[in-house]
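Working through the structure, step by step
Each chain, letter by letter, is given below.
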Amino acid sequence: MDVWWALLYAMLLLGPFLLMQVSSTFKFHFKIFSYCILCLTLSALAVPVCLLRNGGRTVDNMRIIRAFVRTMKYVYGLRFQVKGLENFEVDGPCVIISNHQSILDMMGLMEILPDRCVQIAKKELMFAGSVGLVTYLGGVIYINRKRTHDAKSIMGGVAQAMTDDNLKVWVYPEGTRNNSGDLLPFKKGAFHLALQAKVPIIPVVYSSFTSFYDKKKSLFTGGTIKVEVLPKIDISELQEEDIAGLTERCFNDMRQVFFRLSGKPYTPIKQSSSRQ
Ligand SMILES: CCCCCCCCCCCCCCCCC(=O)SCCNC(=O)CCNC(=O)[C@H](O)C(C)(C)COP(=O)(O)OP(=O)(O)OC[C@H]1O[C@@H](n2cnc3c(N)ncnc32)[C@H](O)[C@@H]1OP(=O)(O)O
Ligand SMILES: CCCCCCCC/C=C\CCCCCCCC(=O)OC[C@@H](O)COP(=O)(O)O
């Protein structure tokens, strides 16, 4: 009988805790689900606007997509504090590189996206229903990350298009989402692209989301994201053999700003030694 009493007490004590855990995980997944549904819905609304205004696939549609996405931050209680926007005022094309933490980054991206700017994305995004369609209409460039050779040859074509069509290109050099509170080592595609197109690089850093968004802790509340657009990096004097050094320099500069914006102490690491 004592065992039953002990079990009853344990349930009374643990029950609310377990319920809270289940409900916080449920709330987290529900919020992510609602984010995807909102993206799909807004995209479905944006597609006809893009088609009616601009006819087909063109970077001009990015202005429409940007206007739609900018409304989303109010739904999720996110605020952006942006510094250095004047650094985007370059004449002509450039490569913009930034850190990539989550699918929520699309809000941060659209918050500051300059005109005539397209992004490099994994090709799987093309198949994400109306989101895929709207990104296609906006001129997003898709790459197959599983085929280095194909990805590299597409990037080669992009370099030409940048100068021909006066395009800025936004690349996430980490190559994947990363919500660990640090940066992943940078891949070199963005730097090859800048060198091939002979255009400057503009780094952008977003502060860590971990205080309000954390998959492992099922945390997703409102919060403030600090954003800093850094001064452009001139690459006109650089050669192919300088790419490793350039990648390392951008990684270290951005990582330093990332830690400062996130209010965390900075500990230097070498990007080459952290690559797996
Ligand atoms: C209306 C409402 C709408 C709501 C919805 C919201 C819509 C919003 C619209 C906006 C959409 C934005 C979407 C953003 C999506 C973001 C993503 O998908 S991130 C993932 C995809 N992006 C990337 O991967 C970019 C970064 N990756 C790279 O740059 C890579 O280098 C790579 C080009 C993909 C190749 O990668 P990989 O195959 O892994 O090979 P590496 O190890 O990097 O390189 C091997 C080797 O090759 C050299 N190299 C790389 N690139 C080149 C090149 N262009 N030319 C010559 N050589 C190259 C590299 O130096 C390596 O050699 P090394 O000797 O080791 O140095
Ligand atoms: C009829 C088909 C229906 C398909 C339904 C698809 C559901 C998807 C719906 C909405 C998704 C909204 C996401 C907005 C765009 C996010 C872009 C993004 O952040 O991609 C991740 C990519 O950077 C890195 O990928 P990985 O971290 O390597 O993975």
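Numbering of residues starts from 1 in every chain and runs along the sequence as written. Chains and ligands are labelled sequentially in the order written, the chains with letters from A and the ligands with numbers from 1. Whole-chain, interface and lining totals are the exception, using all residues; otherwise, since this is a predicted model, local features are given only for residues with pLDDT of at least 70 and side-chain atom pairs are given and counted only at 80 or more. Side-chain measures were taken over the full set of non-hydrogen atoms in the model, leaving aside hydrogen atoms and water.

Moving on to the site of ligand 2. Consider each residue's heavy atoms; a residue with any of them within 4 Å of a molecule or strand counts as near. Among the 14 residues in the neighbourhood of ligand 2, the closest are listed as His100, Lys122, Arg145, Thr176 and Arg177. Any pair of N or O atoms that falls within 3.5 Å is considered a polar contact. Within protein, one atom must be able to donate a hydrogen and the other to accept it, and sequence-neighbouring residues count only if both atoms are side-chain atoms. In this structure, an oxygen atom belonging to ligand 2 sits 2.6 Å away from a side-chain N or O atom of histidine 100. Between ligand 2 and arginine 177, the relevant distance is 2.7 Å, taken from an oxygen atom to a side-chain nitrogen or oxygen of the residue. When residues of the shell around ligand 2 are traced back to their parent elements, those giving at least two are helix H1 (2-54) and helix H5 (129-137). Put simply, Ala, Val, Leu, Ile, Met, Phe, Trp, Tyr, Cys and Pro go in the nonpolar bin, Asp, Glu, Lys and Arg in the charged bin, and everything else, Gly too, in the polar bin. Its residues assigned to classes, the shell around ligand 2 shows 8 nonpolar, 3 polar and 3 charged. By the criteria applied, helices consist of DSSP H or I runs no shorter than four residues and strands consist of E runs no shorter than two, each listed in order from the N terminus.

By the alternation rule, side chains of strand S5 (residues 168-171) split into Lys168 and Trp170 and Val169 and Val171, which are all buried. A pair of strands counts as paired when DSSP detects no fewer than two bridges linking them. With 3 bridges connecting them, strand S2 (residues 95-98) and S5 associate as parallel partners. Its bridge partner being in S5, valine 95 is matched across the sheet by valine 169. Only protein chains enter the area calculation, which uses a 1.4 Å probe; residues under 20% of their type maximum are buried, those over 50% are exposed, and those in between are partly exposed.

Right, let's talk about the nonpolar core for a bit. Within soluble globular proteins, side chains that are nonpolar tend to cluster in buried spots. Ranked by size, the top nonpolar core spans 83 residues in total, and within it Val95, Met162, Trp170, Phe191 and Val204 carry the most contacts. Here the element with the most residues in this core is helix H8 (residues 243-261); it accounts for 9 residues. We call two residues in contact when some of their heavy atoms are within 4.5 Å. Each residue touching valine 204, except ones within four places of it in the same chain, is listed here: Phe88, Ile96, Ile97, Ser98, Asn99, Ile112, Trp170, Val227, Glu228, Val229 and Met254. Only buried Ala, Val, Leu, Ile, Met, Phe, Trp, Tyr and Cys residues count toward a nonpolar core, and they belong to the same one when joined by side-chain atoms within 4.5 Å.

Bringing the pattern of salt bridges into the picture now. Side-chain pairs of opposite charge can arise where the charged atoms are in close proximity. In what follows, salt bridge is the name for a side-chain nitrogen of Lys or Arg lying within 4 Å of a carboxyl oxygen of Asp or Glu. Across all of its chains, the model carries 9 salt bridges by this definition. The salt bridge involving lysine 73 is made with glutamate 111; its shortest N-O contact spans 3.1 Å. Of this pair, lysine 73 sits in helix H3 (residues 72-75) while glutamate 111 sits in helix H4 (residues 105-112), and the two are 38 residues apart along the sequence. Across the pair arginine 249 and aspartate 253 runs a salt bridge whose closest N-O atoms are separated by 3.8 Å. A residue pair is termed a helical-turn pair when its members lie 3 or 4 positions apart in one helix, as arginine 249 and aspartate 253 do in helix H8 at 4 residues. A relative accessible area of 34% places aspartate 253 in the partly exposed class. Because the salt bridges share partners, they merge into one network encompassing Arg63, Arg66 and Asp115.

To continue, consider the packing of helix H6 (residues 148-165) against helix H7 (residues 189-197). All axes are obtained by fitting lines to C-alpha atoms, using only the stretch in contact for helices, and the reported angles, taken between N-to-C directions, cover 0 to 180 degrees. Direction vectors running N to C along H6 and H7 enclose 45 degrees, while the axes themselves pass 9 Å from each other. Considering their axes alone, H6 and H7 lie oblique with respect to each other. When the axes of H6 and H7 are compared, the crossing they make is right-handed. Taken together, the residues of H7 that come into contact with H6 (itself represented by Met155, Gly156, Val158, Ala159, Met162 and Thr163) are Gly189, Ala190, Leu193, Gln196 and Ala197. The class makeup of the residues in the contact of H6 with H7 is 7 nonpolar, 4 polar and no charged. In this scheme, roughly parallel covers angles under 35 degrees and roughly antiparallel covers those over 145, while 65 to 115 is roughly perpendicular and the rest are oblique. For a crossing to be left-handed, the near helix must be turned anticlockwise from the far one by less than a right angle; the clockwise case is right-handed.

You can see arginine 255 is positioned in helix H8. Residue class for arginine 255 comes out buried when judged on its relative accessible area of 2%. A polar contact is formed between the side chain of arginine 255 and the side chain of aspartate 182, at a distance of 2.8 Å.

With that settled, the discussion passes to the site of ligand 1. If you check the shell around ligand 1, you find 31 residues, and the closest are Lys122, Thr148, Lys187, Lys188 and His192. Note that an oxygen atom of ligand 1 is positioned 2.6 Å from one of the side-chain N or O atoms of lysine 187. Note that an oxygen atom of ligand 1 is positioned 2.8 Å from one of the side-chain N or O atoms of histidine 192. Protein coverage of the free-state accessible area of ligand 1, which is 1300 Å², stands at 82%. Of all the secondary-structure elements, those providing two or more residues to the shell around ligand 1 are H1, helix H2 (61-69), H4, strand S3 (117-122), H6 and H7. A per-class count over the shell around ligand 1 returns 17 nonpolar, 9 polar and 5 charged. Working definition of accessibility: Shrake-Rupley area with a 1.4 Å probe, residue cover restricted to the visible protein chains.

Once that is clear, we can look at the environment of leucine 85. Its place among the elements puts leucine 85 in the loop between strand S1 (78-83) and S2. The class for leucine 85 is partly exposed, based on a relative accessible area of 42%. Residues leucine 85 and proline 231, spaced 146 residues apart in sequence, show a C-alpha to C-alpha distance of 9.5 Å. Setting aside anything within four residues of it in sequence, one finds leucine 85 in contact with Ile112 and Val229.

Glancing now at the environment of leucine 137. Tracing the chain through its elements places leucine 137 in helix H5. Judged by its relative accessible area of 5%, leucine 137 is buried. A C-alpha to C-alpha distance of 8.1 Å links leucine 137 and leucine 51, two positions 86 residues apart in sequence. Excluding its chain neighbours within four sequence positions, the residues that come into contact with leucine 137 are Val47, Cys50, Leu51, Gly56, Arg57, Thr58 and Asn61.

Geometry only, nothing functional implied.
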